[in-house]
Amino acid sequence: MSGPMVKAEGVHKRFGRLEVLKGITLEVRKGEVMCLLGPSGSGKSTFLRCINHLEKINSGRLSVDGELVGYRQVGDKLHELRESEVARKRAGIGMVFQHFNLFPHMTALENVTCAPIRVKKVPRADARARAQELLARVGLAEKAGAYPAQLSGGQQQRVAIARALAMEPKLMLFDEPTSALDPELVGDVLEAMQQLARDGMTMIVVTHEMGFAREVADTVVFMDGGVVLESGRPADVIGHPRHERTRSFLSKVL
Amino acid sequence: MPSDEVTETQGRPEDIRAVPVKHPGRWLASAIVLVLAVVIVHSVVTNPRFEWSVVGHYLFDERILEGLRVTLELTVIAMAIGIVLGVLLSIMRLSPNPLVSGASWLYIWFFRGTPVLVQLFFWYFIAALYPKIDIGIPFGTAFIHGNANTLVKPFTAAILGLGLNEGAYMAEIVRAGIISVDEGQTLAAQSLGLTRLQTLRRIVLPQAMRVIIPPTGNETISMLKTTALASTIAVPELLYAAGIIYSVNFKTIQLLIVVSGWYLLCTSILYVGQYYLERYFARGAARELSPTALQRLRAGWLSYGHHEGGIR
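Everything numeric here is computed off the predicted structure, so don't read it as measured data.

Caption draft 1: Quick look at the overall build of chain A. Secondary structure assignment for chain A yields 9 helices and 12 strands. Whereas a compact globule of 254 residues would reach a radius of gyration of roughly 18 Å, chain A reaches 18 Å, a difference of no more than 12%. Seen through its principal axes, chain A has C-alpha atoms that stretch 50 × 50 × 40 Å. Counting over 254 residues, chain A shows a buried share of 53%. Counting contacts in chain A only where the partners sit at least 6 residues apart, residues at least 24 apart contribute 64% of the total. By element, 46% of the accessible surface of chain A is carried by carbon and sulfur atoms, the whole surface being about 11,300 Å².

See the structure below:
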């Protein structure tokens, strides 16, 4: 296999004087599922947003599939990418949000077809056929005509996953995808994600679902205070944490 | 929305049948309102000075109808300018470039800070300030040369005055609408690869519409009436047409009644239009759309039905 899908070297991110990421270094291989664990405020979500340039990093290097995020390197100088170039790169990275962020004025089907039609210029009929397929894949074939407000949280999140998949991303980012769901609805969403992992999708998942991390993740990364405290196979990090901080966190969530 | 489900009543405890509370206050208030209504209607119908036959005679007078046409034209064009300008100004206002947002702020400050009547006069007398108007490259060649008096006729002055003023108000309305849309929508759209402009057009503005439409409807209704100010700069709109007639026959009140009748009819039509527009843009926001007037009639309860209670 060629190089890693995501490579971060000493990534720093500040909001004003608050330093949220204090040097993140990690690699995600192609086809790998990585779970980011850690207390809230540890910078997991911010790091996720940096990967598709929703947030600009202040220092360090961050690249996706061998290309720098948000910049082009000419010699030893970095040039900011134009908005259209950033948008094109984002189109190749799917993102799923904690609060779904479905477009409420569009039906489930329109939510899924919107980006392919507008960004990829896919013919409308093709986009609709593909969207139907994707909705069927997440178990929502009959809900194509429903508006988000008519769907349960779990159904909305699965539509959001289908929406992201419609752009045929090479990488999927999940930002606490089940945190806003009723406990009984979590299972369907996790199942859809597990299916995706089995299909070989590269995924970075910020989650508090330890069961999912243990079963599905190839690598688990524990973050706290803007740094990576430890990472490794789930059995090691969750089963035999080396850091006291990891141990105390896990004892609270397990 | 109340559910229409009717479950079986068998096997359930009996419905409560209590003696309702008496509301003597409501009866008294109703009586007062009724008596007042009768008094007003009686006086309007029996007072011969109203001269209803004259009102009827001029209601469909050719000059009045022509004035109405000009009023509607003014309203539509001025609102169109106002809305386009408002969207543009609000986007400028939200721009990260301080010069661009500052320019928008200055525009809004000026046009909201001076009376629209003064602005109308200003455009009407523009020739005093700029006798010649050239349109072309600044400090370069001009493509259109013109005498301001021939370029800016009263109708043009009214369009400019009303439209540019409206733009300032619409800008604030659109901006409020844009701000009201959850930031997560923009994030989601951007993560899908939509550009800033696509996000605004396809995702943010359609949702902002729910907030923008009701005040815009009010603005349109208000504009319809504000066009009457154009009569002061000799635009032959509805009020001006009536003025021409009553300056000859001195049936001032009767013609003002004619004018009021037409304004009322037009604003009523706009109310209905606004209702349907709001309904259209509410899709997705509510689980069920509110019923149209027809649906309500069909359901057997008139438009007052959903205003429960009233006087308490």
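Caption draft 2: Local environment of helix H9 (residues 244–253) of chain A. All names here are of chain A. The set of residues buried in H9 consists of Thr246, Phe249 and Leu250. For H9, the angular spread of the buried residues around the axis is 95 degrees, confining them to a single face. Facing away from the buried side of H9 by more than 90 degrees, the exposed set consists of Glu244, Ser251 and Lys252. In this structure, the buried side of H9 is in contact with strand S3 (33–37), helix H7 (210–216), strand S11 (219–224), strand S12 (227–232) and helix H8 (234–239).

Caption draft 3: Structural context of unusual backbone geometry. Here the phi dihedral of Asp65 of chain A falls at roughly 55 degrees; this positive angle occurs in a residue that is not glycine. For Asp65 of chain A, a relative accessible area of 30% puts it in the partly exposed group. The residue Ala234 of chain B is not glycine, and still its phi comes out positive at about 65 degrees. Within the secondary structure, Ala234 of chain B sits in the loop between helix H10 (196–226) and helix H11 (238–249). With a relative accessible area of 31%, Ala234 of chain B lands in the partly exposed category.

Caption draft 4: Geometry of the pairing of strand S2 (residues 142–147) of chain B. Alignment of strand S1 (residues 132–136) of chain B against S2 of chain B, held across 5 bridges, turns out to be antiparallel. Of the residues in S2 of chain B, the one forming a bridge with Lys132 of chain B is Asn147 of chain B.

Caption draft 5: Highlighting the pattern of salt bridges. Scanning all chains against the criterion turns up 22 salt bridges over all chains. Note that Lys30 of chain A and Asp65 of chain A form a salt bridge whose closest N and O atoms lie 3.2 Å from each other. With Lys30 of chain A in the loop between strand S2 (18–28) and S3 and Asp65 of chain A in the loop between strand S4 (59–64) and strand S5 (67–68), this residue pair connects regions lying 35 residues apart in the sequence. Linking Glu172 of chain B and Arg175 of chain B is a salt bridge whose minimum nitrogen-to-oxygen distance equals 3.6 Å. With Glu172 of chain B and Arg175 of chain B both in helix H8 (residues 154–180) and 3 residues apart, the pair spans about one turn of that helix. For Arg175 of chain B, a relative accessible area of 22% corresponds to the partly exposed category.

Caption draft 6: Local environment of the packing of aromatic side chains. Applying the stated criterion across every chain, the model contains 10 aromatic pairs over all chains. Here the aromatic residues Tyr107, Phe110 and Phe111 of chain B are joined through ring pairs into a cluster of three or more. In this arrangement the basic side chain of Lys13 of chain A is found over the ring face of Phe15 of chain A, its NZ or CZ atom lying 4.9 Å from the centre. Above the face of the Tyr169 of chain B ring, Arg112 of chain B is positioned so that its terminal group lies 5.9 Å from the ring centre.

Caption draft 7: Main features of the confidence of the model for chain B. Residue and element names in this part refer to chain B. Mean pLDDT over chain B stands at 86; residues scoring 70 or higher make up 88%. Considering only residues more than four positions removed or in separate chains, one finds that residues 301–312, a stretch of pLDDT under 50, has 8 contacts. Here the prediction assigns the complex a pTM of 0.77, and the interface score ipTM is 0.90.

Caption draft 8: Looking closely at the sheet that holds S2 of chain A. All names here are of chain A. Pairing is antiparallel in the open sheet, where 4 strands are placed in the order S2-S1-S4-S5. Of all strands in the sheet, those bounded by a partner on one side alone are S2 and S5. In this structure, strand S1 (residues 6–15) lies alongside S4, joined through 5 bridges in antiparallel fashion. Considered in S4, the bridge of Lys7 is made with Ser63.

Caption draft 9: Inspection of the layout of surface pockets at higher detail. Its boundaries defined by the atoms lining it, the largest pocket holds a volume of some 540 Å³. Listed by contribution, the elements that provide at least two residues to the lining of the largest pocket are helix H3 (62–93), H8, helix H9 (183–191) and H10 of chain B. The element contributing the most residues to the lining of the largest pocket is H10 of chain B, with 5 residues. When the residues that make up the lining of the largest pocket are grouped by side-chain class, the tally is 10 nonpolar, 5 polar and 3 charged. Taken as a whole, the second largest pocket encloses approximately 430 Å³ of empty space. In terms of lining, the second largest pocket is formed by 15 residues, of which the most central are His105, Met106, Glu110 and Arg118 of chain A together with Arg202 of chain B. When residues of the lining of the second largest pocket are traced back to their parent elements, those giving at least two are helix H3 (108–118) and helix H4 (124–137) of chain A together with H10 and helix H12 (252–281) of chain B. Residue classes in the lining of the second largest pocket are distributed as 6 nonpolar, 2 polar and 7 charged.

Caption draft 10: How the structure looks around the sheet that holds strand S8 (residues 93–96) of chain A. Residue and element names in this part refer to chain A. On the basis of which strands lie adjacent, the open sheet formed by 6 strands has the order S8-S9-S10-S3-S11-S12 and mixed pairing. Single-partner strands in this sheet number two, and they are S8 and S12. Within the sheet, the average angular offset between the axes of one strand and its neighbour, ignoring direction, is 15 degrees. Across the face of the sheet, helix H5 (residues 153–165) comes into contact with S8 and strand S9 (171–175) while running at roughly 170 degrees to S8.

Caption draft 11: Quick look at the packing of H8 of chain B against H10 of chain B. All names here are of chain B. H10 packs onto H8 with a crossing angle of 145 degrees between their chain directions and a minimal axis gap of 8 Å. Like other packed secondary-structure pairs, H8 and H10 cross with a definite hand, here right-handed. Where H8 approaches H10, its residues Leu162, Glu166, Tyr169, Met170, Ile173, Val174, Ala176, Gly177, Ile178 and Ser180 are matched on the opposing element by Leu200, Val204, Leu205, Ala208, Val211, Ile212, Pro215, Thr216, Glu219, Met223 and Thr226. In terms of residue class, the contact of H8 with H10 is made up of 15 nonpolar, 4 polar and 2 charged.

Caption draft 12: View of the interface of chain A and chain B. Listed as interface residues are 27 residues of chain A and, on the opposing side, 22 residues of chain B. Between chain A and chain B, the buried area comes to about 2,200 Å², and carbon and sulfur atoms account for 60% of it. On the chain A side of the contact with chain B, Phe103, His105 and Arg118 of chain A bury the most area, a combined 26% of that side's loss. Counting the contacts that link chain A with chain B gives 0 salt bridges. For the pair chain A and chain B, the number of links is 5 residue pairs in polar contact (both at pLDDT 80 or more). Broken down by element, the residue count for the side of chain A that touches chain B peaks at 4 residues, all from helix H2 (residues 83–91) of chain A. Considered class by class, the residues forming the side of chain A that touches chain B number 17 nonpolar, 4 polar and 6 charged.

Rules and cut-offs
Residues numbered from 1 in each chain as written. Chains lettered and ligands numbered in written order. Predicted model: local features only at pLDDT ≥ 70, side-chain atom pairs only at ≥ 80, totals over all residues. Heavy atoms only, no water. Helix = DSSP H or I, 4+ residues; strand = E, 2+ residues; numbered from the N terminus. Rg over C-alpha atoms; globule rule 2.2 N^0.38 Å. Buried < 20%, exposed > 50% of the residue type's maximum accessible area, 1.4 Å probe, protein only. Contact = heavy atoms within 4.5 Å. Areas by Shrake-Rupley, 256 points an atom, 1.4 Å probe, with all protein chains shown as cover. Arc of directions from axis to C-beta. Pairing = 2+ DSSP bridges. Salt bridge = Lys/Arg side-chain N within 4 Å of Asp/Glu carboxyl O. Phe/Tyr/Trp six-rings, centres within 6.5 Å; stacked < 30°, edge-to-face > 60°. Lys NZ or Arg CZ within 6 Å of the ring centre and 35° of its normal. pLDDT = per-residue confidence, 0-100. 1 Å grid on protein atoms, 1.4 Å probe; cavity = no way out; pocket = protein on both sides within 12 Å on 5 of 7 lines; lining within 4 Å. Points joined across faces, edges and corners; volume = space filled by probe spheres on them. Nonpolar A, V, L, I, M, F, W, Y, C, P; charged D, E, K, R; others polar. Axes fitted to C-alpha atoms, helices over the stretch in contact; angles between N-to-C directions. Left-handed = near helix turned anticlockwise from the far one by under 90°. Buried area = accessible area lost by both parts, 1.4 Å probe. Polar contact = N/O pair within 3.5 Å; in protein donor to acceptor, adjacent residues only side chain to side chain.

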